[in-house]
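Inside the fold
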Amino acid sequence: MPRILGSVLLLVFAVSGAFAQNYILTGKVTDQKGETLPGVSVAIIGGSGTVTDESGSYEFRLSQVETSLEGLTFSYLGHKDLELALGFNLAPDSNLAPGFNPVVKITTPLPRQMADSRNLQFVRRDGQNLYYKLDVVLQAEAFELDPLTITSTRADRLTPVTYVELEAEEIQERNLGQDVPYLLKWTPSVVVNSDAGTGIGYTGIWIRGTDPTRINVTLNGIPLNDSESQGVFWVNIPDFASSADNIQIQRGVGTSANGAGAFGATIDIATNQVKENAYATVDGGLGSFNTRRVSGRFGTGLLPGGFTLDGRLSSIRSDGFIDRGSADLDAWYLAGGWVGDRSVLRFNAFGGHEITYQAWNGVPRSELEAGNRTFNSAGMERPGSPHPNEVDNYRQNHYQLHYSTELSNEWTLKLSGHYTKGGGFFEQYRADEELADYGLDNVVIGDSTITESDLIRRRWLDNDFYGLVYSVAYAPKGSRFDFTMGGAANRYLNNHFGEVIWSRFASNSETDTRYYDNDAEKIDINVYGRMNYGFNSQLNGYLDLQVRQINYEFLGLDNQLNRLDQKVDYTFFNPKAGIVYSPNVGGRAYLSVGVAHREPSRNDHVDNPIGEIPRPERLINTELGYERTARRSNWGINLYHMAYQDQLVLTGRLNDVGEYIRANVPDSYRLGVELMGGVQLTDRFTIGGNMTLSRNRVNSYTEFLDQYEGEDFDYIGQTTIERENVPLAFSPDIQAAAELMYRIPFQLEESFFEAALQSKYIGRRYLDNSGDEANSLDPFTFTDLRLSLNFPAGPAKLMRLTLLARNLFDAEYESNGWSYRYQFEGAETLDQGFYPQAGRNFLVSLGLDF
């Protein structure tokens, strides 16, 4: 069963004038070498079909109704179904099915004229039967480098998981410099947040209520999640979407994943597709809050000898909606590739540098109620004016080497090596700090002993992450069976340390004295086996078995000067199985059950006493769905159940830098239905949307509340509250999105005007697991309007002009928050912080394609 990356010959049928006649279609399907291909599905769109036999031959009878339908499809090995409308020329760069190009275009509308086609042959008449023959060649194309990607993290139509994809064209339309989460915010079950309120700087994403640390993110199959915190800091790779060919979002457990955090959703970003032709693009943008963006990309196309080179430079600046919530971002990308007859090689290097003023404290409720939605407490401990350098300053560079080779017609080997270097600090002005907390001696001046001082501290990270990802695929020719074995071995090294760079009373400090210093090492190894088996042309079975081994140790002093010496080992078995049923062309039903485990993060180890480390989490995920795609409409429904054991949930407590402290709860779950659909009402007008209805609950747990009393706020101990059947934090029971799009195509290729009105509703989200409505984010709705105009201009092949009006109706809402619940003088009290998002604001972008 050879890998097919190429072209498909298509045919169109229409109504014949002889209504009494029957039409019988026969033919043979071969590859470009002339070898026959069994197992190819051949079908009328919305009608009957068949599959090629062991000799690659097919035959089926067309009913009178079917001869009036709009197309014939050939699909093979789970590739997207191809279809052709009556009289429609499918261009070689069609987006209907990436990786396939037709070698012949057929526009003949009537069966009686088919004999005139040089591909379709009239064979004979037998009474009322008319026999036609159509031989089809699936021709491999040499310029598609998708096989480089390690595919364990990728899903296709034969994989029984819930997923959605954004292709390069859609990514480009949405991308005006915001972080990747903001490009995904219209997809099902997604909620996003921006600390600075604009989508530039520190951003986060929740999928089905699953928080950012549980969402596995990969770049070309290479893990992006931080190995210790398990989160993703999108600010470290600004404007990365400009280099993306495809983004796939899997909801639920998904497929076997590389790296930490695969516990409810996966985002895989691919950049390895090589453009055949040379190109250059320049994008510039301006917007509200003094936002500026410049990005330039180039590519050589495929050069003689099979070489190719691509690159990008980007710069983004914004003052932010929140006071001093500025972002100063730079990024680069460089990739070189070589394409041989049976092998491909590609080296990717990219990185980013960010200087972001801290906006992660949130806005207190008192400030919101006073109408001060842009208040920022960061840096305000400094007397007089805020500390000007209360920033996060971090640089991260990534290096990837991908190699793929066909060992034979049945075996394919893929290897990816990677290395990521990260380093930086965040700086804080702190007033009246205890000198002893920084390992400093008290200062004696005359008869006075000074124990406290204003100071400026920096907390540093210096980390290295490297490893190998591999897979070996076996796909025997002529079989409906394929098998992939693979895995990854990754090592993460991180040095955490802190420095006091200035103190009003210097004591015995030096500028480079470290008041804490600890090293961490994490080794993450996994191996998996993945199998597809086609029981027939419509039913496919799927099995995915993964074993993951983690070794994590760290030693030294934490930022409270406590001694840290810990070592933990985890071994997890993550099985997944399911079936896919394709009853007709464009239809796909699936059922899957998968198990995932997740280890506690660094903070779970550091913030809890030794010997009281939380247990690992376990998730059993069931997905049941059906999707249907036709020429002018598509729709889907998905039912999911995510049952957790020992899920780590929020307690409402915070440490001194705003990190949540979590505890295990025995049983919790997410249960929901996701609805998606769209219809092209006319040639110009399209409407679409999605909705998620869910129930997200903790069955029972014990919450511990700190108790305080007196004018000096003295700590007197803890009390407990028993909670039962309460909502999971940050998990809305309803969310919905809708889009109205009007598009006017011009006569010139790729020229059009488009207006898109998009709106999203997010239901109530609780800040802790108490179910207390007073400690929740109110439901909100926001609407964006995007106007796009594409047309040739002077020397440019295409000029792209885009206006994005965000939050068009100026809604006031908060998309994230934190809380600390405690008792004071016997009464429950809440400290809260919220993250208001910008009101009506604008971005304008001008792009030139050469």
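Residues numbered from 1 in each chain as written. Predicted model: local features only at pLDDT ≥ 70, side-chain atom pairs only at ≥ 80, totals over all residues. Heavy atoms only, no water.

Counted by the stated rule, this structure contains eleven cavities of 30 Å³ or more. Put simply, the parts of the chain that give the lining of the largest cavity at least two residues each are strand 11 (190-194), strand 39 (752-762) and strand 42 (780-793). The residue makeup of the lining of the largest cavity, split by class, is nine nonpolar, five polar and four charged. (1 Å grid on protein atoms, 1.4 Å probe; cavity = no way out; pocket = protein on both sides within 12 Å on 5 of 7 lines; lining within 4 Å. Points joined across faces, edges and corners; volume = space filled by probe spheres on them. Helix = DSSP H or I, 4+ residues; strand = E, 2+ residues; numbered from the N terminus. Nonpolar A, V, L, I, M, F, W, Y, C, P; charged D, E, K, R; others polar.)

Before going further, it helps to spend a moment on the nonpolar core. Counting 28 residues, the largest nonpolar core has Leu-184, Ile-205, Ile-207, Trp-234, Ile-247, Ile-267 and Ile-269 as its most contacted members. Elements supplying a minimum of two residues to this core: helix 2 (180-183), strand 11, strand 12 (203-207), strand 13 (215-219), strand 15 (246-252), strand 16 (264-270) and strand 20 (327-339). Grouped together as the second largest cluster of nonpolar side chains are 21 residues, Ala-359, Phe-375, Phe-730 and Leu-777 included. (Core = buried A, V, L, I, M, F, W, Y, C linked by side-chain atoms within 4.5 Å. Buried < 20%, exposed > 50% of the residue type's maximum accessible area, 1.4 Å probe, protein only.)

According to the stated counting rule, one finds 31 aromatic pairs in the structure shown. Ring centres 6.4 Å apart and planes at 75 degrees place the aromatic pair Tyr-202 and Phe-233 in the edge-to-face group. With a gap of 31 residues between them, Tyr-202 in the loop between strand 11 and strand 12 and Phe-233 in the loop between strand 14 (222-223) and strand 15 connect regions that are remote in the sequence. Residue class for Phe-233 comes out partly exposed when judged on its relative accessible area of 38%. Arranged with centres 6.3 Å apart and planes meeting at 70 degrees, the rings of Phe-240 and Tyr-333 form a pair that is edge-to-face. Of this pair, Phe-240 sits in the loop between strand 14 and strand 15 while Tyr-333 sits in strand 20, and the two are 93 residues apart along the sequence. Positioned above the aromatic ring of Tyr-640 is the side chain of Arg-208, whose terminal nitrogen or guanidinium carbon lies 3.8 Å from the ring centre. (Phe/Tyr/Trp six-rings, centres within 6.5 Å; stacked < 30°, edge-to-face > 60°. Lys NZ or Arg CZ within 6 Å of the ring centre and 35° of its normal.)

With that settled, the discussion passes to the pattern of salt bridges. Applying the stated criterion to the full structure yields 45 salt bridges. Residue Glu-433 is joined to Arg-457 by a salt bridge in which the shortest nitrogen-to-oxygen separation is 3.9 Å. With Glu-433 in strand 24 (residues 411-434) and Arg-457 in strand 27 (residues 452-474), this residue pair connects regions lying 24 residues apart in the sequence. Residue class for Glu-433 comes out buried when judged on its relative accessible area of 14%. Note that Arg-514 and Asp-517 form a salt bridge whose closest N and O atoms lie 3.2 Å from each other. Under the relative-accessibility criterion, Arg-514 is labelled partly exposed at 40%. Through salt bridges with shared partners, a single network forms among Glu-173, Arg-743, Glu-754 and Arg-786. (Salt bridge = Lys/Arg side-chain N within 4 Å of Asp/Glu carboxyl O.)

Another aspect to go through is the pairing of strand 45 (residues 827-836). The pairing of strand 22 (residues 363-364) with strand 45 spans two bridges and is antiparallel. Residue pairing across strands places Pro-364 opposite Gly-833, the latter belonging to strand 45. By the bridge criterion, nine bridges tie strand 44 (residues 814-824) to strand 45 in an arrangement that is antiparallel. Its bridge partner lying in strand 45, Phe-824 is registered against Ala-827. Between strand 44 and strand 45, which pair antiparallel and follow one another directly, the connecting turn spans two residues, one of which, Glu-825, has a positive phi of 55 degrees. (Pairing = 2+ DSSP bridges.)

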